[in-house]
Amino acid sequence: MQKLIYMMRSNDCTLEGVGMVLDKLKWELVPQLDDWAQASPLDKRRTYAATSSLSLLPNICTTIASGVEWKEAAVGKVLDSVGGICRWMAFCMPLGFAATTRGLRDRSGRVVEDTCTSHSAVIESLLASDDRIRMLFLATPQFLDPVIWIWTAEGEAAPVTEIRKEKCVCTDLLYNVVMEESGLEMLVQQLTTPRNKKVMTQFLTATVRRIRHICKASATFPIVLKRLSDVFNILSHLLYSSAGFSIWLALLKVNFVQETTSALADLISSKAFGHAEQLLSPLLSFLNLILIHNHKRVSSIAEVFSNLKLVGLYLTAVTVIPESGCEAEVEQAVDILTIVSTYNIYPSVYPHVATLEGTGKRIPERDGLLDHAKFRNAWYIFSKQHETRREILMVTPPSLCDNPTCARWQMRFDVTLKLTSKQCSGCSMVVYCSEECQNEDWKALHSAECPSASLFNRRTASFLPNSYPHKTRAIHTSGLGSLYTSTKDFLSGNFSATFPDHHSYEVLPHFDESHGIVPKLTSGLVPLRDFDDGAPDPHPRLHKGLLNEWRIQPWLRPRVAQLVGDYRAGRLPPDARLIQMMLPSECDGIVVILLVMVREVADGYEGMYSIARLGVAPE
């Protein structure tokens, strides 16, 4: 064996030598044991020979890549040995780790680092040697066992020392695996198999720990950014995979959002002085990871911006963007501002964005917050939208009642009762202020809606969980009255100029709050004169989802049609007005369309009754 090692490492590799190395890595030679202490002398000799043979594989791969005349024969031998190589790596790494570090584990993670680094180099050399070898390894289930072990075991070392180096072979290995479609799907299957539930938790815990170590590592700032970018790219590919939602739920369980937020916030104080603008890229990547899946999207964004250090990081980064070559950083700053302002319409996000806006206002202009025209324009729109949302959210919510003939708002008394609504036990999609209202609406409308609504809830529970809570709807319902009060004069002038031959009850004011600071029509008027209760909507874009023409919740159409029909026919109280708002949902491409009836009170208008449904976001 020593002679073979000398020959290989002296660049005197031959086809015969390749065969001798691979003979030591046959599948059937792998010992069938879990405890190294029980290994027989034969098992130990085979394992030592296999470990030496594994270390020689990079030499073989280098020779194959150089294009020697016997390349095809060598590739064939390696292809025949793929299963044995994977099995031996999966056997040697954990047992070798346990045997060689006994008594040393408390003093140093060096052995773990060396084991992970050396085996990562072996795997990388195999993947890079020949396309056929790479494809077969990525299609072999046993290949992922050592890849997962390397990522998990190396992540358990304290601290993770490899990330401080110029080249991070462990991270590069996993990155190369997920960049291949076949490798990504194989990894996802391995992690999400029910029997591997513990493995996925360990894998993701190691990933989160690695992010924390990267932010603490005493490396140069470009290395830190490169490592963060690689890890975020790995997570992005996993979350976009076929089992992405299951992986996102597992990430939430290991506190991914909280840990990463804290790590990024700490980075500014330790390493990023003079480089803060470069942190806009990982911060934007982090927010985009949150947006991939809808589950807890709103609460996660609220969690991120509840960290005052991170708010300070963002504002610091914006103020130090250099004058030259700053377009990328400005784009990233605007994208981040767009994300947080989009979800600022939700009560849980609003206070934290208010802190961001208030802190930004206190930064003197000479410090550079508004140096760049594009960001200055975005910040101006953001501030204006923030004022609008303050009017919507800073109100006392009424008690919701989905009975359209509820006496409370029909007769206009006791409109600010506490939230004591009774929720439908069948579908959970409607609430009532009393048992009388529940019985009344059941006979009139909800008995026909409930079966479809219940089925919809069951089918969409995995990707639309609690996407628009009743309490949030109550706040928006009440707040829309305040918004209408403040914009009534503007809307009346616009209405007279746009629809001079229409009566007020033939036009519906519409507010679009679903895009943050992206330039979109934020308010408008929807004509109701050609609204037909029974026919398909001839003007889907014009009506902006009023008839729910995208068929996400078609059972709500009669309820909407009845309210609009009563409004046009003058059957609603004379001071009643209908208004509509489009809101961001928890799911990409889906918006919440909120139709609200407001009534005049002493100092303006107040929201009384509302219908919320989901629609496909218009282009």
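- Naming follows an unreviewed UniProt entry, where the protein chain appears as phytol kinase of Ephemerocybe angulata.
- Entered under Pathway (unreviewed entry) in the UniProt record, the comment concerning the protein chain runs "Cofactor biosynthesis; tocopherol biosynthesis."
- Checking UniProt for the protein chain, the heading Sequence similarities (unreviewed entry) contains the comment "Belongs to the polyprenol kinase family."

## Things to note about the overall build of the protein chain
Line of reasoning, step 1. Counting its regular elements, the protein chain contains 25 helices and 7 strands.
Line of reasoning, step 2. Residues counted as buried form 54% of the 619 residues belonging to the protein chain.
Line of reasoning, step 3. Restricting the contact set of the protein chain to residue pairs at least 6 apart, pairs at least 24 apart contribute 71%.
Line of reasoning, step 4. Counting every atom, the protein chain has about 27,200 Å² of accessible surface; 53% of that belongs to carbon and sulfur.

## Description of the state of the cysteines
Line of reasoning, step 1. Inspection of every chain in the model, using the stated rule, returns 0 disulfides.
Line of reasoning, step 2. Summary of cysteine pairing: Cys-450 is not part of a disulfide, and the nearest cysteine sulfur, belonging to Cys-424, is at 3.8 Å.
Line of reasoning, step 3. Overall, Cys-450 belongs to the buried group, its relative accessible area being 8%.

## So, the pattern of salt bridges
Line of reasoning, step 1. Per the counting criterion, the structure on display carries 18 salt bridges.
Line of reasoning, step 2. For the salt bridge of Glu-72 with Arg-132, the shortest nitrogen-to-oxygen distance reads 2.8 Å. With Glu-72 in helix α4 (residues 71–80) and Arg-132 in helix α7 (residues 131–138), this pair connects stretches of sequence that are 60 residues apart.
Line of reasoning, step 3. Since its relative accessible area comes to 37%, Arg-132 is described here as partly exposed.
Line of reasoning, step 4. For Arg-132, the salt bridge goes to Asp-130, with nearest N and O atoms at 3.0 Å.
Line of reasoning, step 5. Taken together, the salt bridges that share partners define one network made up of Lys-71, Glu-72, Asp-130 and Arg-132.

## Notes on the nonpolar core
Line of reasoning, step 1. Within the largest apolar cluster, 170 residues are counted, with the highest numbers of intra-cluster contacts made by Leu-57, Phe-143, Phe-256, Phe-305, Tyr-314, Leu-337 and Phe-375.
Line of reasoning, step 2. Look past the residues within four positions of Phe-143 in its chain and what remains in contact with it is Cys-86, Ile-123, Leu-127, Phe-137, Leu-138 and Val-177.
Line of reasoning, step 3. Ranked by size, the runner-up nonpolar core spans 15 residues in total, among them Val-526, Leu-563, Leu-595 and Tyr-609.

## Details of the packing of helix α12 (residues 221–239) against helix α15 (residues 280–292)
Helix-helix packing is characterised by the crossing angle of the two axes and by the distance between the axes.
Line of reasoning, step 1. Following both chains from N to C, one finds α12 and α15 inclined at 10 degrees, their axes separated by 10 Å at the closest point. Our classification of the angle between α12 and α15 gives roughly parallel. When the axes of α12 and α15 are compared, the crossing they make is left-handed. Along the contact surface, α12 presents Leu-225, Leu-228, Phe-232, Leu-235, Ser-236 and Leu-239, while α15 presents Pro-282, Ser-285, Phe-286, Leu-289 and Ile-292.
Line of reasoning, step 2. Looking at the contact of α12 with α15 residue by residue, the classes come out as 9 nonpolar, 2 polar and no charged.

Cut-offs used in this document
Residues numbered from 1 in each chain as written. Predicted model: local features only at pLDDT ≥ 70, side-chain atom pairs only at ≥ 80, totals over all residues. Heavy atoms only, no water. UniProt positions renumbered as here; feature names shortened; annotations may be inferred. Helix = DSSP H or I, 4+ residues; strand = E, 2+ residues; numbered from the N terminus. Buried < 20%, exposed > 50% of the residue type's maximum accessible area, 1.4 Å probe, protein only. Contact = heavy atoms within 4.5 Å. Areas by Shrake-Rupley, 256 points an atom, 1.4 Å probe, with all protein chains shown as cover. Disulfide = S-S within 2.5 Å. Salt bridge = Lys/Arg side-chain N within 4 Å of Asp/Glu carboxyl O. Core = buried A, V, L, I, M, F, W, Y, C linked by side-chain atoms within 4.5 Å. Axes fitted to C-alpha atoms, helices over the stretch in contact; angles between N-to-C directions. Parallel < 35°, antiparallel > 145°, perpendicular 65-115°, else oblique. Left-handed = near helix turned anticlockwise from the far one by under 90°. Nonpolar A, V, L, I, M, F, W, Y, C, P; charged D, E, K, R; others polar.

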